[in-house]
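# Remarks on the overall topology
Here's the letter readout for the chains.
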Amino acid sequence: MKNVISISVGEVALKKGKRNFFEKKLLGKIKAATRDLGSPNVYRELGKMYVEVNEDNIDKVINRVKKVFGLVHLSPAYKIEKNLDSIKVNSLKALKEAIKKRKIRTFKVDCKRADKKFPVNSMEVAREVGAYILQNTEDLKVDIHNPDIYVYVDIRQKVYIYTEKIYGYGGLPLGTNGKGLLLLSGGIDSPVAGFMIAKRGVSIEAVHYHSYPFTSERAEEKVKDLAKIISMYTGEIKLYSVNILNIQKAINKYCPPSEMTIISRRFMTKIAESIANINNIDCIITGENLGQVASQTMKSLNVTNSSVNIPILRPLIGFNKTEIIEIAKDIETFETSILPFEDCCSVFLPKHPVTSPELRDIEESEKVLDVEGLIEDAINKMKITTISI
Amino acid sequence: MFVYLDNSATTKPRDEVIDEMNILLREDYGNPSSLHRMGLKVEKKIKRGRDIISKYLNVKSSEIYFTSGGTESNNIAIQGIIEANKNKGNHIITSKIEHPSVLNILKNYEQKGFKITYLDVDEYGIIDLNQFKDELLEDTILVSLMMVNNEVGSIQPLEKVKEIINNNKSNAYLHVDGIQALGKIDFNIKKMGIDSFSFSAHKIHGPKGVGCLYIRDGLNIKSIIFGGEQEKGIRSGTENTPGIIGLSKAIEILNSEGNSEKKYLDDLKNYFIEKVKENISDIKINTAYINSAPHIVNISFINTKGEVLLHFLESDDIYVSTGSACSSKDDRGSYVLKSMGLKNVEIESAIRFSFSIYNTKEQIDYVIKKLKLRVEEIRDIMMR
């Protein structure tokens, strides 16, 4: 019976002077991700991490731990006594278990001896275990170049045996790289953008703009559902919901129709900057992409950037839509994103938005608006919810 | 002020209905098929309920079958009649504005090779009898029409439909979806020669999840649901006893109050229409003055968006319905309004108001006041 999950950490192990700091962070994240599954014991051992589990909840724990950023792969493993006999018996057992699940003709034993005090070296262990497996099975051969399965023997303070590697998302533990404010719409792109930046160790909060009653309450529910899915990777998310109807009305009334989208965009970015400043957030994250829609041109991005001083991270900038969809499906936000409720009413969408706005023109148009007042009012009325799984 | 004007979607259950159902849930929870006393007690209650309903409809109690609601009633009747009579022909007539629970069954049969005629409707949602006469053929086995349309409230001339069936010596059965008609307009199933008739409890202040199907005794119909042979094998499955008792209680009240309630709704609707016309310009009323049910009125407020207006009214605690979503894609608009030949600007700005006896003139005055403000507000934004 597999009784432990063996976890390999990636970049975290490479951070020389800060390794201990990163490992401790990661350990905390793994603990947090599994707290409601009976708080399994999580511990470090010579650069690897282990979660003790029992067989009935091993799949659940793996599914949770897999979503913790900073780990490269994880393996359900046997934690066993440190002697050669035990290694042989359990290696055979692990291999036989794998044979039940799929067709296996060739194998290779891969031994690592981190504990050099163990009397048998890794080459010898591999040879002995290989021979033992051959003696006790039929129709199996060793293939050291391209085997159907590897039997891993990991000799540390204890010995761990496993045959399977489940890939995690890599990256860095959350909170090791500051905090970002994600502009979260109901679409496909923004949840992916949030995921990608969070993967690099950035904690996430989110802001959502709506124009109720020009948009439906269901659109807001959809955004909350998306935030919930993202929170499986990032932990609890603080969601700021801002109604920008008055802003849109004002733009609609006083500015050229073709500039509706870009001026709204500048307002949203400015509001995000204010929220970020109040809450000690270091950057804004958007799902913007070059050329996907008429408003996402280089010039538009520039005009938007000029409205604020805070850095704006756009991790999807060079992605194709199909590539974004692929990630959205992988992180399980896609199905929710394609639900029909829109967070922007078509009433406010101009037929012909400007595609190459000039900063001077836009600033001139904005002069008739009480920009500060409108932003302050929107922020005063915003609602804050905490979203978690 | 809270005003619920979405009574075509569903209605508030009457207190008396809830009280009766509570007894079934708390005490008389026996299975009517059980042989012991608890079963018998509930069996008797159901029998009494069936009697109340058959008496209200002027039909025999043996002709009443309990179902899970309107959709299931339509399915059992339409599929059951087609399956039993497909050797006689493969042509079915319906209209373009039927409920999806009728249209989607027939689309399914169309894929299986049946010929389906979808009758056109005029600008008020009423079928063309001349077209019906032309389309009625020797191999027509079924005519399925609704008595009252759920979106605009139009009443179909079903007596004339039956007359044409008879005059043409057609053997076609007449199935009627009466879900929006029950309790709202006068009709006589027997006199009209209706072969099967569907209705639902939650449209008449009863509970959700229960409905009825009238099937004329002697009608050639096959079962499409198989199981323990409840409801004479037409609708197997343990009876929804609280639902059935709730439904019969709702009908018992209709029996005593129904006529005055119809009059009340009619007055309310006319009052509403007059007030809207008085206060708001540039509208199109999509419901006919005559030949329409007393509880539904559909109005387009030109240069607004139905869904936006709906959400504005919702913020005033007023609840209505729209036939189209807030989208530039016109394929999401109401197929009923489209079939009536409305222009896109009329379809996307259409709102359905549907009334019940719980609405008052004071509520209407409040709604008109808010409606006027909200329509102006939206037009102010949209007409720039």
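The structure displayed is predicted, hence computed values, not measured ones.

Our focus in this paragraph is the overall build of chain A. Helix and strand content of chain A: 13 helices and 15 strands. For chain A, the spread of C-alpha atoms along the three principal axes comes to 85 × 35 × 35 Å. Of all intrachain contacts in chain A linking residues separated by at least 6 positions in sequence, the fraction that spans at least 24 positions is 81%. A total accessible area of about 18500 Å² is found for chain A, and carbon and sulfur atoms account for 49% of it. Computed over 58 positive and 48 negative side-chain charges, the inter-centroid distance for chain A is 5 Å.

In this structure the tally under the stated criterion is 44 salt bridges over all chains. For B:Glu252, the salt bridge identified is with B:Arg48, shortest N-O distance 3.3 Å. Of this pair, B:Glu252 sits in helix H8 (residues 241-279) while B:Arg48 is found in helix H2 (residues 37-57), placing the two residues 204 residues apart along the sequence. Residue B:Glu83 is joined to B:Lys86 by a salt bridge in which the shortest nitrogen-to-oxygen separation is 2.6 Å. Judged by its relative accessible area of 22%, B:Glu83 is partly exposed. Salt bridges sharing common partners tie together A:Lys249, B:Asp316, B:Arg374 and B:Glu377.

A few words on the sheet that holds strand E4 (residues 115-119) of chain B. The strands making up a sheet associate through hydrogen bonds between their backbones, and the pairing can be parallel or antiparallel. All names here are of chain B. What the 7 strands build is an open sheet, ordered E2-E8-E7-E6-E5-E3-E4; its pairing is mixed. Two strands close off the open sheet at either side, each with one partner strand: strand E2 (64-67) and E4. Adjacent strand axes in the sheet meet at a mean angle of 20° when their direction is disregarded. Here strand E3 (residues 91-95) runs beside strand E5 (residues 140-146); their pairing, made up of 3 bridges, is parallel. Following the sheet pairing, Ile 93 is matched in E5 by Val 143. Contacting E2, E3, E5, strand E6 (173-177), strand E7 (196-200) and strand E8 (211-215), helix H3 (residues 70-85) runs over the sheet at an angle of about 160° to E7.

Turning our attention to the UniProt feature "binding site: ATP" (unreviewed entry) in chain A. Residue and element names in this part refer to chain A. Here, the residues flagged by UniProt with the feature "binding site: ATP" (unreviewed entry) are Leu 183, Leu 184, His 208, Tyr 209, Arg 265, Gly 287 and Gln 296. You can see Leu 184 is positioned in the loop between strand E10 (179-183) and helix H5 (189-199). Excluding its chain neighbours within four sequence positions, the residues that come into contact with Leu 184 are Ser 190, Pro 191, Ala 206, Val 207, His 208, Val 223, Ala 227, Ile 230 and Leu 239. For Tyr 209, the position within the fold is in strand E11 (residues 203-210).

What counts and how
- Residues numbered from 1 in each chain as written.
- Chains lettered and ligands numbered in written order.
- Predicted model: local features only at pLDDT ≥ 70, side-chain atom pairs only at ≥ 80, totals over all residues.
- Heavy atoms only, no water.
- Helix = DSSP H or I, 4+ residues; strand = E, 2+ residues; numbered from the N terminus.
- Contact = heavy atoms within 4.5 Å.
- Areas by Shrake-Rupley, 256 points an atom, 1.4 Å probe, with all protein chains shown as cover.
- Lys, Arg positive; Asp, Glu negative; His and termini not counted.
- Charge placed at Lys NZ, Arg CZ, Asp CG, Glu CD.
- Salt bridge = Lys/Arg side-chain N within 4 Å of Asp/Glu carboxyl O.
- Buried < 20%, exposed > 50% of the residue type's maximum accessible area, 1.4 Å probe, protein only.
- Pairing = 2+ DSSP bridges.
- Axes fitted to C-alpha atoms, helices over the stretch in contact; angles between N-to-C directions.
- UniProt positions renumbered as here; feature names shortened; annotations may be inferred.

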